[in-house]
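Structure at a glance
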Amino acid sequence: MSVLFPKVQKPREWDYRPIYYDPEKEARKDKKLARLHHGSFREEHEKNMSELRRRKKSRLGFLLAILLMLLLFVWVLS
């Protein structure tokens, strides 16, 4: 402890923030809790994986179409 400047603790401040009822916030919270049920993470994972597979197939079809058009273009030019 310092002799010239002793440390004195400040009294604890009273910080009161009233909680008001917000119906929109309550509705959002209820909606979020309704989505979380037993097995919901598994369902979400399966849905995401099927979406990923669908996107991969779509991308593959697009790349094959581009390749076919490129080959046809090269064949026409030669």
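Calculation notes
- Residues numbered from 1 in each chain as written.
- Predicted model: local features only at pLDDT ≥ 70, side-chain atom pairs only at ≥ 80, totals over all residues.
- Heavy atoms only, no water.
- Patch = residues over 30% accessible without salt bridge, like charges linked within 9 Å, V, L, I, M, F, W, Y side chains within 5 Å.
- Areas by Shrake-Rupley, 256 points an atom, 1.4 Å probe, with all protein chains shown as cover.
- Salt bridge = Lys/Arg side-chain N within 4 Å of Asp/Glu carboxyl O.
- Lys, Arg positive; Asp, Glu negative; His and termini not counted.
- Charge placed at Lys NZ, Arg CZ, Asp CG, Glu CD.
- Helix = DSSP H or I, 4+ residues; strand = E, 2+ residues; numbered from the N terminus.
- Buried < 20%, exposed > 50% of the residue type's maximum accessible area, 1.4 Å probe, protein only.

1. Remarks on a negative patch on the surface
On the surface, a cluster of negative charge is contributed by D22, E24, E26 and D30. Counting through the fold element by element, E24 comes out in helix α1 (residues 23-35).

2. Here we look at the pattern of salt bridges
This structure, assessed with the given rule, holds four salt bridges. Between K47 and E44 there is a salt bridge whose closest N-O contact spans 3.7 Å. A residue pair is termed a helical-turn pair when its members lie 3 or 4 positions apart in one helix, as K47 and E44 do in helix α2 (residues 40-77) at three residues. Note that E51 and R54 form a salt bridge whose closest N and O atoms lie 2.5 Å from each other. Linking E51 with R54, this pair stays in helix α2, spanning three residues, or about one helical turn. Here E51 falls in the partly exposed class, since its relative accessible area comes to 31%.

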